[in-house]
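# Geometric and topological summary
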Amino acid sequence: MNTYEYRKLKNTLASGLALACVILALIPLIYILAEVVMKGAPAMSWEFLTRRTTGTGEPGEGIGNAIFGTLLLVFYAALIGLPIGILTGIYVSEYGNNKLGTIVRFFNDVLANFPSIVVGLLAYALVVAYLNVGFSLIAGSVALAIIMIPIVANTTEEALRMVPNSLREGALALGVPRWRTVLKVMLANGRAGIVTGALLAVARVSGETAPLLLTAFYSSYWSLSPTEPIASLPLTIFRNFNSPSEVLLQQAWGAALVLILLVLTLNIGVRLLMKSKAKKSKAVKMKWMTRLSRKA
Amino acid sequence: MAKRKGLRSRRRPPRFGGDLVFEYSVMGAATLTLALVWLLVVRMVFDSQASIERFGFGFLSGGVWDPNRDVYGALPFIFGTLLTTGIAVLIGVPLSIGIAVYLSELAPPWLRGPLSSVVELLAAVPSVIYGLWAMYTLRPVMVNSVEPFLKSLLGWTPLFQGDPVGLDKFTAGIILAIMIIPTIASVSKEAMMAVPESQREAALSLGATRYETTRMAVLSYARSGIFGACILGLGRAVGETMAVTMTIGNANKISWSLLDPGQTMASLIANNWGEAQGLQLSALIEVGLVLFAVALAVNIFARLMVGRFMKNIPATGGGL
């Protein structure tokens, strides 16, 4: 049975099977996108995007406060998470050739794939219970920030690793202190990668639901206060997905459409940006070489 | 790495004041991660103390979760987590490996990049949207065709008893399978791409077909990476919360039938968080502690398996 024809047949079958796996995996993706657009689009209107949820299910209410809440949560999370993540990445890449660096890298990798509900529990334990703030915007942001840190740290490390060693050596040889080398040469050249990582992290946390359920909770009012509960798009979906009220269900699909647009725009945008930046990065390196030599 | 060694392994302290300040501040940020993990453990143990003292190790084997009598046991949820994760891995792993093989071995080069990006978009869709979709699109399909079919085929086993309702462990398992595909597929793809080209060339030059080359030269070479990828996917399935909470039916009991509603550790926490107080809250946090321990063990194991021959593992997200 081991003739060439038989082996060829097996080859064709296996190739077909692999292709079938790809198609099978793409079906849910396309299905979800189509479904969310079809069911979410009828909800869209200016009122829907700007009015607040009253939670009663009367027609004419919107998800404005949830959109605003998600933006606020992500903004504060980025404010906390990005600097820590980038600094961690710098440490691991530039100073991390030792035991501590290895441990930090390892735990960053572990945390990057950690269940977010456990991160939510941590933020709850620290901010809501221990600091006694209660369910609040700031607790939610801390939870999201903790999720961002390992993602940003890993991409920053990656970006700095891509910077050619000759640039670092060149700067040091010119007598530039190490910290300035890192800030002015390394970061400037790794900028594209770091921005990519930051945007991906933002996209990732915008859709997080479980940690917010445990920390930011929900509110049907407009709120700016960091110590008050706040609405968010994912939680709007979760609260309304099972609702017998047509209006509330419609709200869930509308919120899903807004959320998926936000997340996918960030994701696809970043991928496209990455492609065009890869071509430009050579030019940036040259620019810095000339600038440095001019200073010296 | 080796190239940079001369520059990095500087034993003496930094010369400039600015250097010192900078180095310690980045080190401070880096150790914050470790501090967070440590804090997580300490706080969770502290917060679940009431429950730990009350139930001891019996908590893990207790089959009753009853807020009315204040008796809590985690067994139904550990059971539910294992069962749904099992379904997800059984369905998700073969599919993901097929995808990885196609992306790294078979796809025409111009298609590889875009197609991998599209598969990774599956990981970008928020969990709560998967749940919403499962509730209104997947559920009718399950109730009307998939579950009756499986019941007629395998109805004699204890796994397919009862009426198909669509909100059950099986639906949750299917949704989990879809959600872990991007993780397993992209990490396995990386592992396969890391196989030296000479391996493939050697097999091809001996007259092997593409399939034989893939099986003998690629899959066997990359097997520890692929195994690690599967464990990573498993880790994601264990902690996945929202989509499961929305599809599993939320019943705090042990039942072998996949067509019965159940509860996982994560979905229990998400479901009861708002109203839990006192001992129940403490018990919920203890469930979280168990989940933490499982996720940590799974992730560390996976990391060690994959890390052996890949430096970078794409972070495709935990249980959103």
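About the criteria used
- Residues numbered from 1 in each chain as written.
- Chains lettered and ligands numbered in written order.
- Predicted model: local features only at pLDDT ≥ 70, side-chain atom pairs only at ≥ 80, totals over all residues.
- Helix = DSSP H or I, 4+ residues; strand = E, 2+ residues; numbered from the N terminus.
- Buried ≥ 20, exposed ≤ 12 C-beta atoms within 10 Å, placed from the backbone.
- Contact = placed C-beta atoms within 7 Å.
- pLDDT = per-residue confidence, 0-100.
- Nonpolar A, V, L, I, M, F, W, Y, C, P; charged D, E, K, R; others polar.
- Axes fitted to C-alpha atoms, helices over the stretch in contact; angles between N-to-C directions.
- Parallel < 35°, antiparallel > 145°, perpendicular 65-115°, else oblique.
- Left-handed = near helix turned anticlockwise from the far one by under 90°.
- Core = buried A, V, L, I, M, F, W, Y, C linked by C-beta atoms within 7 Å.

## As for the overall build of chain A
Tallying secondary structure elements over chain A gives 11 helices and 0 strands in all. Each helix and strand of chain A, ordered N terminal to C terminal, gives the series α-α-α-α-α-α-α-α-α-α-α. Expressed as lengths along the three principal axes of its C-alpha atoms, the size of chain A is roughly 70 × 70 × 35 Å. When burial is assessed residue by residue, chain A has 51% of its 296 residues classed as buried. Considering only contacts within chain A whose residues lie at least 6 apart along the sequence, 73% involve residues at least 24 apart.

## Examining the confidence of the model for chain A
When pLDDT drops low, the exact placement of atoms in the prediction is not to be read closely. Looking at chain A, the pLDDT average stands at 86 and 92% of residues meet or exceed 70. Across chain A, the secondary-structure element scoring lowest on mean pLDDT is helix 11 (residues 246-295) of chain A, at 75, and the one scoring highest is helix 3 (residues 64-95) of chain A, at 92.

## Notes on the environment of A:Gly254
Residues and elements named next belong to chain A. As for its placement among the helices and strands, Gly254 is situated in helix 11. Taking the C-alpha atoms as reference, Gly254 lies 4.2 Å from Gly40; in sequence the two are 214 residues apart. Leave out the neighbours within four places in its chain, and Gly254 touches Gly40, Ala43, Met44, Phe48 and Ile63.

## Structural notes on the interface of chain B and chain A
If you look at the interface, chain B gives 83 residues, while chain A gives 81 residues. With 19 residues, the top contributor of residues to the side of chain B that touches chain A is helix 2 (residues 17-47) of chain B. When its residues are assigned to classes, the side of chain B that touches chain A shows 53 nonpolar, 19 polar and 11 charged.

## Topic: the packing of helix 7 (residues 127-154) of chain B against helix 8 (residues 169-193) of chain B
All names here are of chain B. Between helix 7 and helix 8, whose axes approach to 10 Å, the crossing angle comes to 125°. If you check the angle between helix 7 and helix 8, you find them oblique. Handedness of the crossing formed by helix 7 with helix 8: right-handed. Residues Tyr130, Ala134, Leu138, Arg139, Met142 and Glu147 of helix 7 lie in contact with helix 8, whose contacting residues are Phe170, Thr171, Ile174, Ile175 and Met179. Partitioning the contact of helix 7 with helix 8 into residue classes produces 8 nonpolar, 1 polar and 2 charged.

## A closer look at the packing of helix 5 (residues 75-106) of chain B against helix 11 (residues 223-239) of chain B
Residues and elements named next belong to chain B. Orientation of helix 5 relative to helix 11, taken along the N-to-C sense of each, is 140°, at an axis distance of 9 Å. As judged from the angle between their axes, helix 5 and helix 11 are oblique. Remark: the crossing between helix 5 and helix 11 carries right-handed chirality. Across the interface between the two elements, Thr81, Thr85, Ala88, Val89, Gly92, Val93, Ser96 and Ile97 from helix 5 touch Ile226, Cys230, Gly233, Leu234, Ala237 and Val238 from helix 11. Its residues assigned to classes, the contact of helix 5 with helix 11 comprises 9 nonpolar, 5 polar and no charged.

## Here's the deal with the nonpolar core
Residues A:Met148, A:Ala256, B:Ile99 and B:Ile129 are the most contacted members of the largest nonpolar core, which totals 192 residues. By residue number, the principal contributor to this core is helix 6 (residues 137-162) of chain A, which donates 16 residues. Setting aside residues up to four positions removed in sequence, B:Ile129 forms contacts with A:Ile32, A:Val36, A:Ile237, A:Ala256, A:Leu259 and A:Ile260.

## Overview of the environment of A:Tyr95
Inspection of the secondary structure puts A:Tyr95 in helix 3. Its 21 C-beta neighbours within 10 Å are what place A:Tyr95 among the buried residues. Those residues in contact with A:Tyr95 that sit more than four places away from it in its chain are A:Gly101, B:Glu23, B:Val26 and B:Met27.

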